Amino acid sequence: MTLQIQHSHTAMDTDAFVAIRRQIHAAPELGGETPATAELVAALLLQWGYDVHRGIGGHGLVGVLKKGNGTKRIGIRADMDALPMQENNQFAHASQIPGRMHACGHDGHTAILLAAAHRLATAADFNGTLNLIFQPDEEGLCGAKAMMDDGLFQRFPCDAIFALHNMPGSPVGTAVVQAGPTMASAERVSITVTGKGGHGAMPELSNDPVPVMASLINAIQTIKSRNLAPEEFAAISIGMIQAGTVYNIIPNEASMLVSVRTHTPEAQTRINQRLESIVRGHEQMFNVSIELQITQLAPALVNDKAQTAFVLQSLQPLFKDGDLRTTIPKVMATEDFAWMLTEVPGCYFVLGNGEGEYHGCSVHNPHYDFNDALIGLGAKCWTKIVEDFLV
């Protein structure tokens, strides 16, 4: 599907970016396959005078704008991808593609950064280099890493990098900018137990992997309660178990997939060490072989203290007293912008998406919709941050 530019580059107001947001919402693209969204973004940036670099880590792109002779460089990132789910909304801009939906607000994040890009090109005053990073595949936790592996920060060096996300259930006009650990890491753990299959009537001739799996399930549940301190946050969830084909055959193999999320690298290391000891202990205890694979999908997102303090100071004039907060409720969700923060100091903050049927319900919900009232505020936030950083 091709997304058409419906507005000229002259005199674009907030309504124009609302229309762009709804256009993207109606034509969602999944994972790393965001060619139409990327092309729409690139065409607009080119109209406004940006140098546009396409095809970074797939369909990722960077728009570069330089003003003055300043040597400082700032990066701002927006995600572009949607989710593989059916939308249950009936409004005019609902998804036109079955099984795809912008249920996390990435259409809005893209529209916010486009609105800011227009303002920064046409009406803002700054001195230095602005790198606008439009990233695919945040939901798969692969897009940021793909762009970085393709030389993102070598080709477009940044002294600091920033990103935002909408927060359903919090009123529009509120924000949270928190220093330190803010979002959880994510690991996918695969455990495969290999025993010796046989007839269900003759278990003594087999080495049944199913009781091993049952014991592993119980042992893994003790990691959080017995190996982590009370103040250490973690979520260890067994999401899939597979064994056997019919009732009277002892299987040769049994496997499980586990999700591990933590807020600190230290807790993550301790959990992984315990998983290793539990698995090796079960190998000896049950005389089976067990394969353990731990795949890091994203690290914990840790906001740099200095850049967080800068964002708080910069945004203060845009918010009423008490509406710019410094602590977010603990959530174990994961955001792949965390990879970028491992290479460049920066800050990830959230803006309230509002309350009510569409704006207040959780992201990843079939009734969710990004709140267009955020586009103007978000664009002001980005403009202020850029002007204050590139003085």
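Residues numbered from 1 in each chain as written. Predicted model: local features only at pLDDT ≥ 70, side-chain atom pairs only at ≥ 80, totals over all residues. Heavy atoms only, no water.

Student: How do you make sense of the pattern of salt bridges when you look at a structure like this?
Tutor: When the charged atoms of two side chains with opposite charge come close together, those side chains can pair. Across all of its chains, the model carries 14 salt bridges by this definition. Between R77 and E335 there is a salt bridge, with its nearest N and O atoms 2.5 Å apart. With R77 in strand 3 (residues 73-79) and E335 in the loop between strand 15 (324-325) and helix 9 (337-341), the pair connects residues that are 258 residues apart, well separated along the chain. Across the pair K145 and D149 runs a salt bridge, and its minimum N-O distance is 3.3 Å. (Salt bridge = Lys/Arg side-chain N within 4 Å of Asp/Glu carboxyl O. Helix = DSSP H or I, 4+ residues; strand = E, 2+ residues; numbered from the N terminus.)

Student: Would you take a moment to explain a nonpolar patch on the surface for this structure?
Tutor: Together, V246, Y247 and I249 make up a nonpolar patch on the protein surface, roughly 380 Å² of accessible area in all. Here I249 is to be found in strand 11 (residues 249-250). (Patch = residues over 30% accessible without salt bridge, like charges linked within 9 Å, V, L, I, M, F, W, Y side chains within 5 Å. Areas by Shrake-Rupley, 256 points an atom, 1.4 Å probe, with all protein chains shown as cover.)

Student: In this structure, what is going on with the packing of helix 1 (residues 14-26) against helix 3 (residues 106-122)? I would like to understand it.
Tutor: Packed helices, taken two at a time, are described by the angle their axes make and the gap between the axes. Between helix 1 and helix 3, the least distance of the axes is 9 Å, while the angle of their chain directions is 145°. In terms of crossing hand, the pair formed by helix 1 and helix 3 is right-handed. Residues F17, I20, R21, I24 and H25 of helix 1 form the contact with helix 3, whose own contacting residues are D107, G108, T110, A111, L114, A115 and H118. Residue classes in the contact of helix 1 with helix 3 are distributed as six nonpolar, four polar and two charged. (Axes fitted to C-alpha atoms, helices over the stretch in contact; angles between N-to-C directions. Left-handed = near helix turned anticlockwise from the far one by under 90°. Contact = heavy atoms within 4.5 Å. Nonpolar A, V, L, I, M, F, W, Y, C, P; charged D, E, K, R; others polar.)

Student: For this particular structure, what's the right way to read unusual backbone geometry?
Tutor: For residues besides glycine, phi is generally negative; the peptide bonds are generally trans as well. Positive phi values are uncommon outside glycine, yet D137 reaches one of about 50°. A positive phi angle, close to 55°, is found at N287, a residue other than glycine. In this structure, N287 sits in the loop between helix 7 (265-286) and strand 13 (289-298).

Student: Teacher, can you tell me more about the environment of S289 here?
Tutor: As for its position among the elements, S289 is in strand 13. C-alpha separation for the pair S289 and I191, spaced 98 residues apart in sequence, amounts to 10 Å. Beyond its immediate stretch of four places on either side in the chain, S289 contacts T192, V193, T194 and E283.

Student: Can you help me understand the packing of helix 6 (residues 209-227) against helix 7 in this one?
Tutor: Taken N-terminus to C-terminus, the directions of helix 6 and helix 7 make an angle of 150°; their axes are 10 Å apart at the nearest point. Between helix 6 and helix 7, the crossing angle belongs to the class labelled roughly antiparallel. When the axes of helix 6 and helix 7 are compared, the crossing they make is right-handed. For the pair formed by helix 6 and helix 7, the contact residues are P211, V212, S215, L216, A219, I220, I223 and N227 on the first element and R270, I271, R274, L275, I278, V279, H282, M285 and F286 on the second. Grouping the amino acids of the contact of helix 6 with helix 7 by side-chain chemistry returns twelve nonpolar, three polar and two charged. (Parallel < 35°, antiparallel > 145°, perpendicular 65-115°, else oblique.)

Student: Help me understand the state of the cysteines, please; the structure alone is not making it clear to me.
Tutor: In a disulfide, the sulfur atoms of two cysteines are covalently bonded to one another. For the coordinates displayed, the defined rule picks out zero disulfides. Free of any disulfide, C158 has its nearest cysteine sulfur in C347, 15 Å distant. Here C361 is not disulfide-linked; the sulfur of C104 is the nearest cysteine sulfur, at 11 Å. (Disulfide = S-S within 2.5 Å.)

Student: Looking at this structure, I do not really get the sheet that holds strand 13. What am I missing?
Tutor: Sheets are built from strands paired through backbone hydrogen bonds, the pairs being either parallel or antiparallel. One open sheet accounts for four strands, arranged 10-12-8-13; its pairing is antiparallel. A single partner strand is all that each edge strand has here, and the edge strands are strand 10 (234-243) and strand 13. This sheet shows a mean twist of 15° between the axes of neighbouring strands, independent of strand direction. When strand 8 (residues 186-194) meets strand 12 (residues 253-262), the two strands line up antiparallel, connected through eight bridges. The residue bridging T192 from the neighbouring strand is S255, located in strand 12. Of the strands in this sheet, strand 8, strand 10, strand 12 and strand 13 touch helix 6, which is tilted by about 175° from strand 10. Relative to strand 13, helix 7 is tilted by about 165°, and along the sheet it contacts strand 8, strand 10, strand 12 and strand 13. (Pairing = 2+ DSSP bridges.)

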